[in-house]
Amino acid sequence: MPEAARGLSLASPSDGVSAFVERSRDTVTDRAATVLEHPRFTGSPQLADVASGATVLGAGARGDGLRAVQGALMDMGFALYGGADGRYGPDTARALRNFQVHASALFPGVRSNGVLDAATLRALEALAPAAGSRGQSHALPSPFYAGQPVRVVIALREHRTFLFDPAGQLIDIFPNAVGTATTPTHPGLKVVRAKLDQVATEDAGARLWNDRHVFGVRLLDLSWADGHRSGEELHGTSAPALLGGDVSHGCIRHANEDILVLHDALAVGDRIAVVETLQDPHLGVPVTVG
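Residues numbered from 1 in each chain as written. Predicted model: local features only at pLDDT ≥ 70, side-chain atom pairs only at ≥ 80, totals over all residues. Heavy atoms only, no water.

Engineer: Go over the overall build of the chain with me, naming the residues and quoting the values.
Structural biologist: In terms of helices and strands, the chain carries eight helices and 14 strands. Split into buried and exposed, the 290 residues of the chain put 53% on the buried side. Across the chain, every contact between residues at least 6 apart in sequence was considered, and the portion connecting residues at least 24 apart equals 62%. For the chain, the accessible surface area stands at approximately 12400 Å², while carbon and sulfur atoms represent 54% of it. (Helix = DSSP H or I, 4+ residues; strand = E, 2+ residues; numbered from the N terminus. Buried < 20%, exposed > 50% of the residue type's maximum accessible area, 1.4 Å probe, protein only. Contact = heavy atoms within 4.5 Å. Areas by Shrake-Rupley, 256 points an atom, 1.4 Å probe, with all protein chains shown as cover.)

Here's what the structure looks like:
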């Protein structure tokens, strides 16, 4: 789908990021008591109280301000199975923690505690896309890993999958679920080895797990960049409520509607970068050859 039709908030992964981060650090630390400026959050007394430091939103919280925060998190690609219902529950706590993992590298004072405090709200205000848009306004990953262009960047600790077009422009960001501590998803550069349609995906689920729906509606088999089997795949899921967590046997799960987009966008041989965080030193600008 064309970018304009998807309503994405696009930004270059590198243009002005350093200056933006410095400005944003000043914003978070020096302007905690000022009014909120993002149109998503202005006019909410609930969020004004959070921004001033008068309160935090955690267990038992509810309201339109919290609903606006939930909507922003979903538009940035963080999993929130319950949707933007204005009620703080386990899904909201998990989405906030995943956002805080991302934001803590950019904004001092942000802690991955799953509650909405002033530092987290200020970081969200700085990064959230415009209302009605998906994506992220700044601090996107580079679509290059170790100097090679990639079509996908998977950030394990924040549970997000970034899809780029062949020119390196962001197409969309999707929530994912990744491996557990005992069956981890391994970081590194991988490639799409094979693409399975729905029939083949269901057959693989029945053969391997006695469950035709365990892999969802599509599967992309991955190998390491050197051609060795990785034992990992991108696939859909029959348990969308688990997205945003560490729950798989090493594969990267996505909502079925999202794996359809990934399956259609990617080709055999396309590169996939799997990183713990977006601060991975392998992510960067392309290497000039010749």
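There is more to say, and it comes next.
Engineer: Can you explain the packing of helix 5 (residues 90-103) against helix 6 (residues 118-127)? Please cite residues and give values.
Structural biologist: Two elements in contact, helix 5 and helix 6, have axes whose closest approach is 11 Å; the angle formed by their N-to-C orientations is 75 degrees. The angle between helix 5 and helix 6 falls in the class roughly perpendicular. Where helix 5 abuts helix 6, its residues L96, F99, Q100, H102 and A103 lie against T120, A123, L124 and L127. Grouping the amino acids of the contact of helix 5 with helix 6 by side-chain chemistry returns six nonpolar, three polar and no charged. (Axes fitted to C-alpha atoms, helices over the stretch in contact; angles between N-to-C directions. Parallel < 35°, antiparallel > 145°, perpendicular 65-115°, else oblique. Nonpolar A, V, L, I, M, F, W, Y, C, P; charged D, E, K, R; others polar.)

Engineer: I'd love a proper account of the pattern of salt bridges, names of residues and values included.
Structural biologist: Scanning all chains against the criterion turns up 12 salt bridges. For E125, the salt bridge is made with R122, and the minimal N-O distance between the two is 3.0 Å. Note that E125 and R122 are positioned in helix 6 at a spacing of three residues, about one turn of the helix. Here E125 and R122 have matching classes, each one buried. Salt-bridge contacts for D221 lead to R229; the nearest nitrogen and oxygen are separated by 3.6 Å. (Salt bridge = Lys/Arg side-chain N within 4 Å of Asp/Glu carboxyl O.)

Engineer: Describe the packing of aromatic side chains, and please don't skip the residues or the numbers.
Structural biologist: Counted by the stated rule, this structure contains one aromatic pair. Taken together, a centroid distance of 5.8 Å and an interplanar angle of 85 degrees make the contact between F78 and F99 edge-to-face. Of the two residues, F78 is situated in the loop between helix 4 (64-75) and helix 5 and F99 in helix 5; the sequence distance between them amounts to 21 residues. Note that K190 overlies the ring of W224, its terminal NZ or CZ placed 4.6 Å from the centroid. (Phe/Tyr/Trp six-rings, centres within 6.5 Å; stacked < 30°, edge-to-face > 60°. Lys NZ or Arg CZ within 6 Å of the ring centre and 35° of its normal.)

Engineer: Would you mind going over the nonpolar core in detail, with residue names and values included?
Structural biologist: Counting 31 residues, the largest nonpolar core has L47, V69, L73, F99, L116, L121 and L124 as the members making the most contacts within it. Elements represented by at least two residues in this core include exactly helix 3 (45-52), helix 4, helix 5 and helix 6. Beyond its immediate chain neighbours, meaning those up to four positions away, L116 contacts L47, V50, V56, L57, V69, L96 and L121. I171, V178, V217 and L222 belong to the second-largest nonpolar core, a separate cluster that totals 18 residues. (Core = buried A, V, L, I, M, F, W, Y, C linked by side-chain atoms within 4.5 Å.)

Engineer: Explain the pairing of strand 6 (residues 160-164) to me, and be specific about the residues and the numbers.
Structural biologist: In terms of residue burial, strand 6 counts as a mostly covered element, since five of its five residues are buried. Taking every second residue as pointing to the same face, both faces of strand 6 are buried, with R160, F162 and F164 on one and T161 and L163 on the other. As defined by bridge partners, strand 6 adjoins strand 7 (residues 170-175) across five bridges and the pair is classed as antiparallel. Directly across from F164, in strand 7, lies its bridge partner L170. As consecutive antiparallel partners, strand 6 and strand 7 are separated by five residues, and within that stretch G168 has a phi angle of approximately 90 degrees, a positive value. (Pairing = 2+ DSSP bridges.)

Engineer: Explain helix 7 (residues 198-209) to me, using residue names and the numbers behind them.
Structural biologist: Taking 1.5 Å of rise per residue, the 12 residues of helix 7 would be expected to cover 16 Å, and the 16 Å separating its terminal C-alpha atoms lies within 8% of that figure. Within the span of helix 7, buried status applies to T201, E202, A204 and G205. Here the buried residues of helix 7 occupy an arc of 155 degrees about the axis, which is enough to place them on one side. The exposed residues of helix 7 that point more than 90 degrees off its buried face are V199 and R207. In this fold, the buried residues of helix 7 make contact with strand 9 (188-196) and strand 10 (219-224). Once helix 7 ends, the next one or two residues include N210, with phi positive near 55 degrees. (Expected span 1.5 Å × (residues − 1). Arc of directions from axis to C-beta.)

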